[in-house]
Amino acid sequence: MPGEPTHCWIMVLDIENFSARTDPIQRSLRTGMYGVLRAALAQAGLAADDIVTEDRGDGILMIVPATVSPLVLAGPFVRALDDELKQKAVEYSAAHAMRFRVALHQGLAARDGEGWSGDAVNTACRLVDAGPLRGVLATASSSRMVFVVSEEIYRAVVRHGHRTVDPAAYLPMPFRTKHGELIESWVTVPGSPAPPGLPQADGPEGVDHPAEPAGRGSRTAATSDRRPPSGGGISVGTVNGDVFQGDKTVHINTNGPVRP
């Protein structure tokens, strides 16, 4: 019988281009993936025994108890994953290149004899598989991973600018699922001031991003929720305030590339 649904943090980790590798390399990458995860958990001070993992072949579903701070997950843990991937890049050949897509969501999840289920789990999986997220990682060719959070996580955790999380490094990434559902999310590339490769207006995911009228004032990432205006577009403005690297300005223009 399924257990009672439990509120938790839900993370999904996925290896880029896993299915394109040969069987021996896939086995090697899976070993490396679990090694990176264990080391990152330890580096971030997270008890591995408290986190339930479910193998997904080319990735891992993580059910994290609500008692764990999401600031640790979005901050030290994500940075630890990036650090461990950097170490693996030194050890691995080009054929074994391992880069991650990682998603964070929250909600109710229930466990039965076979694993975990629930709408929140489905949403986390849709986030990590989103076409725009794959595009960001492909464009950020020198980076090791990309991290996406749901709108709920962004509003509750990221946008407030707590010490361990830099909201100025995130950009909105709305996308549509194969069923036409619009999902709002926010993406960042660890070590980069802003994620590259996001779709422009009328992009392949079917999301229209009209530009904001000229003359709209700038916003500060730590104090603005940066929600799209009523027409569904993404606002154009200036984002200031990198809490790790000092003040910086990033121009967000939905009709052109992001310019540092």
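**Q** Quick question: what am I supposed to make of the pattern of salt bridges here?
**A** Inspection of every chain in the model, using the stated rule, returns nine salt bridges. In this structure, Arg101 and Asp129 form a salt bridge, with 3.5 Å as the shortest nitrogen-oxygen distance. Separated by 28 residues along the polypeptide, Arg101 in strand β4 (residues 100-111) and Asp129 in helix α3 (residues 119-129) bring together distant segments of the chain. Asp129 gets classed as partly exposed once you look at its relative accessible area, which sits at 41%. Among the salt bridges present, the one from Arg126 reaches Glu181, with a minimum N-O distance of 3.6 Å. Residue Arg126 is found in helix α3, and its partner Glu181 is found in the loop between β8 (175-176) and β9 (182-183); the two are separated by 55 residues along the sequence. Taking the relative accessible area as the measure of exposure, Glu181 reaches 37% and is therefore partly exposed. When salt bridges that share partners are traced, they join Asp14, Arg101, Asp129 and Arg134 into one network.

**Q** Just to check I follow, could you spell out the packing of aromatic side chains for this structure?
**A** Describing an aromatic ring pair means giving the distance of the ring centres and the angle of the ring planes. Considering all chains together, one arrives at one aromatic pair under this definition. Here Tyr154 and Trp186 contribute two aromatic rings whose centre-to-centre distance is 3.7 Å and whose plane-to-plane angle is 5°, an arrangement assigned as stacked. Of this pair, Tyr154 sits in helix α5 (residues 151-156) while Trp186 sits in strand β10 (residues 185-188), placing them 32 residues apart in sequence. Looking at Trp186, the relative accessible area reads 2%, which means it is buried.

**Q** It is not clear to me how helix α4 (residues 131-139) should be interpreted in this structure. Could you clarify?
**A** Each full turn of the α-helix corresponds to 3.6 residues, which orients residues three or four apart in the same direction. The complete set of buried residues in α4 reads Pro132, Leu133, Val136 and Leu137. The arc that holds the buried residues of α4, viewed along the axis, is 140°, so those residues lie on one side. Contacts made by the buried residues of α4 are with β4, α3, β6 (145-150), β8 and β10.

Calculation rules
Residues numbered from 1 in each chain as written. Predicted model: local features only at pLDDT ≥ 70, side-chain atom pairs only at ≥ 80, totals over all residues. Heavy atoms only, no water. Salt bridge = Lys/Arg side-chain N within 4 Å of Asp/Glu carboxyl O. Helix = DSSP H or I, 4+ residues; strand = E, 2+ residues; numbered from the N terminus. Buried < 20%, exposed > 50% of the residue type's maximum accessible area, 1.4 Å probe, protein only. Phe/Tyr/Trp six-rings, centres within 6.5 Å; stacked < 30°, edge-to-face > 60°. Arc of directions from axis to C-beta. Contact = heavy atoms within 4.5 Å.

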